[in-house]
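Structural description and commentary
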Amino acid sequence: MISFRMAAFGLMATTQAFMFGGQAAAQSLPPRVVVGAQQVGTLQHTVASALAKVATDAVDTTLVVQPYAGATALLPVLDGGELDFGVSPSVDYALSYRGAEKLKIDGRNPYPHGPKLRLVMGGSPLIASLIVRDDSDIQSANDLAGRKVAGDFPAQLGAYVNMFAQLRSADLSWDDVTVVPFSAINDSLDAVMQGTIDATVFGVGAPKVREADASVGVRFISSDCSDEGKQRIVDTVPGYYTIDIKGGKLAAIDEDICTTAYQLYLVTHEAADPAMVRAVLKAIWDNVDELPQYHPSLRNWNQASAVPAEPTLPFHPAAIEFYREVGAWSEAMDAQQETLLKLGQ
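Now for a quick tour of the structure. Because the structure is predicted, anything quoted here is derived from the model rather than measured.

What to know about the packing of helix 6 (residues 185–194) against helix 7 (residues 207–215)
Two elements in contact, helix 6 and helix 7, have axes whose closest approach is 11 Å; the angle formed by their N-to-C orientations is 15°. As the angle between them shows, helix 6 and helix 7 are arranged roughly parallel. Crossing geometry of helix 6 relative to helix 7 is assigned as right-handed. Residues Asn 186, Leu 189, Asp 190 and Met 193 of helix 6 pack against Lys 208, Val 209, Ala 212 and Ser 215 of helix 7. Here the residues of the contact of helix 6 with helix 7 are counted per class, giving four nonpolar, two polar and two charged.

Written out as structure tokens, the structure is:
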């Protein structure tokens, strides 16, 4: 049932705008609000589409999802105010917001400085794991030495960071594998299916994974989740942590695995209309229970996740005002906000 619903939902999200059908917001909103996300078939696009649908059903406007090749293409457009909102991982936003002079991972930060990015709502974790063909003899990150892996994504630093974290979990470096570059993450999964590379990283629960599993058979495999491996992951990428996933509940996970996760954010820019930010935020806040029907991972996009304890971006003022009203903002968050505003200067 979920598979059928999401197939139809994903198609609708890419071919037409979601039409509103709920209560009108008190303020006058633009007729069209654009949400940037990654490619169709990725989990990030699915999440953005679900948020757009739920918000559109509750306010007097239409939210449209606009796909981009990767965060390096999306974030500068969002920072420049050409998009209303964006859905991407917290780590990508941190790299853009702080800029290359203040933050690098593995010596890299290709993002143009995005000092105008502002957080609206923290969301569900994005779980990214190594994926191989079913007939591969690779069982975990510890088996990657000497293999062909996707590892250079010019438009998607997040995918590069994911693979780097997987390698580091097993105490491996890029020198220990054969790196194959790809312009987009979807292409790397196609290469795994075709057998031209041995492994890539991909979002757990992404629609394209179901397609790949049905076509040739693929499976997610574990990071090195020993105590030492977990510590290497945390030391490698700020904001990353490990998560255990039970087998038999998601596509391409027949056995229990342990892998990496990090939070997705709904973000806008500092000049965004406060009325629009508030209306969309309130629509999602009030209707978070509607989200899981579009993807199981959205059970964790909830009110408790909305205000991260250690955000990587400062919040938009309209979001702060809203969270104060609903009792979700604390004095500690005021200090976080002040610190983060200084980091983006």
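So, the state of the cysteines
Inspection of the entire model under this criterion finds one disulfide. A disulfide bridge connects Cys 225 with Cys 258, and the sulfur atoms are separated by 2.0 Å. Across the S-S bond of Cys 225 and Cys 258 the torsion is about -85°, and the bridge reads as left-handed. One end of the pair, Cys 225, is in the loop between strand 8 (218–221) and helix 8 (227–236); the other, Cys 258, is in strand 10 (residues 257–269), with 33 residues separating them in the sequence. Overall, Cys 258 belongs to the buried group, its relative accessible area being 8%.

Observations regarding the packing of helix 5 (residues 157–169) against helix 8
Where helix 5 meets helix 8, the closest approach of the two axes is 8 Å, and the angle between their N-to-C directions is 145°. The two elements helix 5 and helix 8 meet at a crossing, and its hand is right-handed. For the pair helix 5 and helix 8, contact is made by Phe 164, Ala 165, Arg 168 and Ser 169 and by Gly 229, Arg 232, Ile 233 and Thr 236, respectively. For the contact of helix 5 with helix 8, the class distribution of residues is three nonpolar, three polar and two charged.

Conventions and cut-offs
Residues numbered from 1 in each chain as written. Predicted model: local features only at pLDDT ≥ 70, side-chain atom pairs only at ≥ 80, totals over all residues. Heavy atoms only, no water. Axes fitted to C-alpha atoms, helices over the stretch in contact; angles between N-to-C directions. Helix = DSSP H or I, 4+ residues; strand = E, 2+ residues; numbered from the N terminus. Parallel < 35°, antiparallel > 145°, perpendicular 65-115°, else oblique. Left-handed = near helix turned anticlockwise from the far one by under 90°. Contact = heavy atoms within 4.5 Å. Nonpolar A, V, L, I, M, F, W, Y, C, P; charged D, E, K, R; others polar. Disulfide = S-S within 2.5 Å. Buried < 20%, exposed > 50% of the residue type's maximum accessible area, 1.4 Å probe, protein only.

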